[in-house]
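Read off the chains here:
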Amino acid sequence: MSNEIRDIFDRIAPVYDQLNDWLSLGQHRIWKEMTVKWSAAKPGDTCLDLCCGSGDLTFRLARRVGATGKVYGVDFSPKLLETAKERCQKSYSQRAIAWLEADVLNLPFDDNQFDAVTMGYGLRNVKDIPRSLQEIYRVLKPGSKAAILDFHRPSDIPFRTFQQWYLDNLVVPMATNLGVKEEYAYISPSLDRFPIGSEQVELAHQVGFTNATHYPISNGMMGVLVVIR
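What you see is a predicted model; the values in this text were computed from it and never measured.

A.B. asks: Please clarify how the pairing of strand E4 (residues 114–120) should be interpreted in this entry.
C.D. replies: Each regular strand displays side chains that alternate between the two surfaces of the sheet. Judged by how many residues are buried, E4 sits mostly within the fold: 7 of 7 residues are covered. Bridge count for strand E1 (residues 46–50) against E4 is 4 bridges, and the pairing is parallel. Across the sheet, residue Asp49 finds its bridge partner in E4, namely Thr118. On the question of chirality, the crossover connecting E4 to the parallel strand E5 (residues 140–151) by way of helix H6 (residues 129–139) is right-handed.

Here it is as structure tokens:
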């Protein structure tokens, strides 16, 4: 990811969770729970949460793997990682989490290391989507799954129109009130550039995943790409 994008995420760190609530109409917790379920993480597993932000998916994975498991939360924003660590310290059940500042295009892990990988709202922001998928493929154990959650542009015109209206009239004004208007103005162009579900499946196949399925959620405004190594 570029330094520019990292700076954006550093600046929005204090209001990241609040804005995610607004962006998702309060539904992001449900979608994150679904994503962890689709990753097939189970007790005792070693799991990886990429672009972990303030730790929502990481904490869910930690609960799922339990005391015998291990979870790595990776992000390139030091400020978001600080927020995640602070949240972690307040929770008694998250002892098995390691937080790492790293680039998802060049992960500091061995091949075939993880039983499950998740990524929430990160793939849309990476500089090189195929490279990011390739790294996920590399670090996953054979037969294991990754589940990748992100916002999308809906194919249906009415939902696409609603999404744009919502971004322009609700999210950007809220971001403006919190002093992060410019940081959230990047969302709309990032959605325009992001490959649609079928293109993501094709990219996953190209890097070697034998099985890839894209599940549209919330009338196509959201989606989860599930891949099996």
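A.B. asks: Would you mind going over helix H3 (residues 28–39) with me for this structure?
C.D. replies: Given 3.6 residues per turn, any residue in an α-helix points the same way as the ones three and four places further on. Here H3 contains 12 residues, and its C-alpha end-to-end distance of 16 Å stays within 8% of the 16 Å for a straight helix at 1.5 Å per residue. The set of residues buried in H3 consists of His28, Trp31, Lys32, Thr35, Val36 and Ser39. Along the axis of H3, the buried positions cluster into a sector of 140°, meaning they face one direction only.

A.B. asks: Even after reading the chapter, I still don't get unusual backbone geometry, so can you show me in this structure?
C.D. replies: Most peptide bonds take the trans configuration, and most residues that are not glycine carry a negative phi. Even without a glycine there, the phi angle at Asn112 is positive, about 55°. With respect to the helices and strands, the residue Asn112 is situated in the loop between strand E3 (97–101) and E4. When its relative accessible area of 36% is taken as the criterion, Asn112 is described as partly exposed. Although it is not a glycine, Asn219 sits at a positive phi angle of roughly 55°. Examined against the element boundaries, Asn219 turns out to sit in the loop between strand E6 (211–217) and strand E7 (222–228).

A.B. asks: Teacher, can you tell me more about the pattern of salt bridges here?
C.D. replies: Close approach of charged atoms allows side chains with opposite charge to pair. The final tally for this structure, using the stated rule, is 9 salt bridges. Asp56 is the partner of Arg87 in a salt bridge, and the nearest nitrogen-oxygen pair spans 2.9 Å. In this pair, Arg87 sits in helix H5 (residues 78–90) while Asp56 sits in helix H4 (residues 56–65), placing the two residues 31 residues apart along the sequence. Overall, the relative accessible area of 10% leaves Asp56 in the buried class. Among the ionic pairs, Lys141 bridges to Asp115, the shortest N-O distance being 3.0 Å. Taken together, the residues Lys141 in strand E5 and Asp115 in strand E4 connect sequence positions 26 residues apart. Its relative accessible area of 29% is what places Lys141 among the partly exposed residues.

A.B. asks: Looking at this structure, how should I read the packing of aromatic side chains?
C.D. replies: The way to describe two aromatic rings as a pair is by their centre distance and the angle between their planes. Going through the model one piece at a time under the given rule, you end up with 9 aromatic pairs. Relative to Tyr215, the ring of Trp38 has its centre 4.4 Å away and its plane inclined at 10°; by these criteria the two rings are stacked. In this pair, Trp38 is assigned in helix H3 and Tyr215 in strand E6, connecting sequence segments 177 residues apart. Note on Tyr72 and Phe114: the rings are 5.7 Å apart at their centroids and 80° apart in plane angle, and the pair reads as edge-to-face. One end of the pair, Tyr72, is in strand E2 (residues 70–75); the other, Phe114, is in strand E4, and 42 residues separate them in sequence.

A.B. asks: Just checking my understanding: could you explain the nonpolar core for this structure?
C.D. replies: Core analysis: the largest hydrophobic core is formed by 32 residues, its most contacted members being Leu48, Leu50, Val117 and Ile136. Elements with a minimum of two residues in this core: E1, E2, E4, H6, E5, helix H10 (197–206) and E7. Take this core: its biggest share by element is 4 residues, from H6. The contact partners of Leu48, leaving out residues within four places of it in the chain, are Leu61, Tyr72, Val74, Leu107, Phe109, Phe114, Ala116, Val117, Thr118 and Val139. By size, the runner-up hydrophobic cluster in this structure holds 18 residues, among which are Trp31, Leu167, Val171 and Ala175.

A.B. asks: Where do I start with H10 in this structure?
C.D. replies: If you check which residues of H10 are buried, you get Gly197, Gln200, Val201, Leu203 and Ala204. In a view along the axis of H10, the buried residues occupy a sector of 160°, so they form one face of it. Along H10, exposed side chains directed more than 90 degrees from the buried face belong to Ser198 and Gln206. Residues of H10 that are buried in the fold lie against H6, E6 and E7. Positive backbone phi, approximately 120°, marks Gly208, located one or two places after H10.

A.B. asks: What is the right way to read the environment of Val224 from this model?
C.D. replies: Along the chain, Val224 turns up in strand E7. Overall, the relative accessible area of 0% leaves Val224 in the buried class. As a C-alpha pair, Val224 and Lys32 span 192 residues in sequence and 9.6 Å in three-dimensional space. Beyond its immediate chain neighbours, meaning those up to four positions away, Val224 contacts Thr35, Trp38, Ala147, Ile148, Leu149, Thr213, His214, Tyr215 and Ile217.

What counts, and at which threshold
Residues numbered from 1 in each chain as written. Predicted model: local features only at pLDDT ≥ 70, side-chain atom pairs only at ≥ 80, totals over all residues. Heavy atoms only, no water. Buried < 20%, exposed > 50% of the residue type's maximum accessible area, 1.4 Å probe, protein only. Helix = DSSP H or I, 4+ residues; strand = E, 2+ residues; numbered from the N terminus. Pairing = 2+ DSSP bridges. Right-handed = clockwise from strand over helix to strand, strands pointing away. Expected span 1.5 Å × (residues − 1). Arc of directions from axis to C-beta. Salt bridge = Lys/Arg side-chain N within 4 Å of Asp/Glu carboxyl O. Phe/Tyr/Trp six-rings, centres within 6.5 Å; stacked < 30°, edge-to-face > 60°. Core = buried A, V, L, I, M, F, W, Y, C linked by side-chain atoms within 4.5 Å. Contact = heavy atoms within 4.5 Å.

Note that every value here comes from positions in space, so none of it alone points to a role or purpose.
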